[in-house]
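Letter by letter, the chains look like this.
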Amino acid sequence: MAIAPIAPPSQHVPVLWSPVLAGLAVKPEGTYLDGTFGRGGHARGVLAQLGPDGRLLVMDKDPEAIAEAHALAAGDARVRVRQASFATLEAWSETADGLDGVLFDLGVSSPQLDAAARGFSFRNDGPLDMRMDPTQGMSAADFVNTADEAEIARVLWVHGEERQSRRIAKAIVARRAERPFERTGDLADAIAKLLGRGDGRTHPATRSFQAIRIHVNAELDDLIVGLEAAERALKVGGRLAVISFHSLEDRITKQFISQRAKAPPSNRRAVVEVAFTPRLRAIGGAITADEAELAANPRARSAVLRVAEKLAIDGAGA
Ligand SMILES: C[S@@+](CC[C@H](N)C(=O)[O-])C[C@H]1O[C@@H](n2cnc3c(N)ncnc32)[C@H](O)[C@@H]1O
């Protein structure tokens, strides 16, 4: 059945809108999971392509995103909502009959970054929080005020690829001994004072803020667990679409797909060659924004979409 083309929403155009919908290849009667509802831009696109028997399951950790999802569900019986990490998608009974598509649009949303009170931004001063779900886990302030210096350095290096990780960790520990960090502006200024103002385009605290945010929200652990859960929950022929915003996420997603799609290089020293059975088929390679999208939405600059389809194994039916 041909799908009628739909236009993206006018006020907030989600990143890589058309390629995501093309990648998910929405079946009107299918069940789709958007694990990162945000403000529902992609979710509304999926919904517009579903028929009356289709289902849209949406998840987000963020209570404000979930409030918006409930508003959408109140007007549309095809929508189900759950506030939780997508890493736990299999614990949701709605996923038990299998999914025709799963979308993860990773990281933080523009409303999260823009609201100073959420504490994600080094540009808009606010409480140093950075949690997608402010009721769960440790805040960014808890982390920088209590973790030991080596752990702070490790997080900045591993999750921010920050080359000055040790210097920054040392400065954080020295400064917090006088006065704990409470505000995003305070932490951003301390890092800028240490590193200098940089090239003026990128704030010197950019990598550190990214690293601390990834750490307090366990973003990479959730991604690894979530990809495995999505693979199990997908029906044969179901599609997985993942949008990453930095190389750490994209590396995990790319390896996840390629390890299941391509045979590893043969090892001539292996005593027994183990036959490789592909479990996923990569649908194209890395998809990035075109010129028109980049001109309209600078945030799309770092977005990379990867899509894969679940394959039948051992003759399992579609
Ligand atoms: C980039 S935004 C998604 C934007 C959305 N696609 C749209 O069109 O509005 C990412 C959202 O995913 C949520 N999120 C990130 N990681 C999550 C996870 N592991 N589980 C559930 N939600 C997550 C964030 O709270 C945020 O609302």
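A brief structural summary. These numbers were taken from a predicted model, which means no experiment stands behind them.

## Examining the packing of helix α1 (residues 17-24) against helix α2 (residues 41-49)
Phase 1: Close contact between α1 and α2 brings their axes to 10 Å; oriented N to C, the two are set at 45°. Considered as vectors, α1 and α2 are oriented oblique to each other. Crossing angle aside, the handedness with which α1 passes α2 is right-handed. Here Trp17, Val20, Leu21 and Leu24 of α1 come into contact with α2, specifically with Gly41, His42, Gly45, Val46 and Gln49.
Phase 2: A breakdown of the residues in the contact of α1 with α2 according to their chemical character gives five nonpolar, four polar and no charged.

## So, the packing of aromatic side chains
Ring pairs (aromatic) are described by centroid distance and by the angle formed between their planes.
Phase 1: Using the criterion set out here, one finds two aromatic pairs in the structure.
Phase 2: The interplanar angle of 15° and the centroid separation of 3.9 Å between the aromatic rings of phenylalanine 86 and phenylalanine 104 together place this pair among those described as stacked. One end of the pair, phenylalanine 86, is in the loop between β3 (79-83) and β4 (99-105); the other, phenylalanine 104, is in strand β4, and 18 residues separate them in sequence.
Phase 3: Overall, phenylalanine 86 belongs to the buried group, its relative accessible area being 8%.
Phase 4: We classify phenylalanine 104 as buried; its relative accessible area is 0%.
Phase 5: Taking the ring centre of phenylalanine 181 as reference, the NZ or CZ of arginine 175 above it sits at 4.2 Å.
Phase 6: Over the ring of phenylalanine 256 we find arginine 260; its NZ or CZ atom is 3.7 Å from the centre of that ring.

## Some remarks on the pairing of β3
Phase 1: In the sheet, strand β2 (residues 55-60) pairs with β3 via five bridges, with the strands oriented parallel. Looking at the pairing, valine 58 lines up with valine 81 of β3.

## Re the sheet that holds strand β7 (residues 304-310)
Phase 1: Spatially, the seven strands line up as an open sheet ordered β3-β2-β1-β4-β5-β7-β6, and their pairing is mixed. One side of each edge strand has no neighbouring strand; the edge strands of this open sheet are β3 and β6 (280-282). With direction set aside, neighbouring strand axes in the sheet form an average angle of 20°.
Phase 2: The sheet contact formed by strand β1 (residues 31-34) and β2 spans four bridges and is parallel. Counted as the bridge partner of leucine 33 is leucine 57 from β2.
Phase 3: Across the sheet, helix α3 (residues 63-74) touches β2 and β3, and the angle it forms with β3 is around 160°.
Phase 4: Running over the sheet, helix α10 (residues 219-233) touches β4, β5 (234-244), β6 and β7 and is turned about 155° from β5.

What counts as what
Residues numbered from 1 in each chain as written. Predicted model: local features only at pLDDT ≥ 70, side-chain atom pairs only at ≥ 80, totals over all residues. Heavy atoms only, no water. Axes fitted to C-alpha atoms, helices over the stretch in contact; angles between N-to-C directions. Helix = DSSP H or I, 4+ residues; strand = E, 2+ residues; numbered from the N terminus. Parallel < 35°, antiparallel > 145°, perpendicular 65-115°, else oblique. Left-handed = near helix turned anticlockwise from the far one by under 90°. Contact = heavy atoms within 4.5 Å. Nonpolar A, V, L, I, M, F, W, Y, C, P; charged D, E, K, R; others polar. Phe/Tyr/Trp six-rings, centres within 6.5 Å; stacked < 30°, edge-to-face > 60°. Buried < 20%, exposed > 50% of the residue type's maximum accessible area, 1.4 Å probe, protein only. Lys NZ or Arg CZ within 6 Å of the ring centre and 35° of its normal. Pairing = 2+ DSSP bridges.

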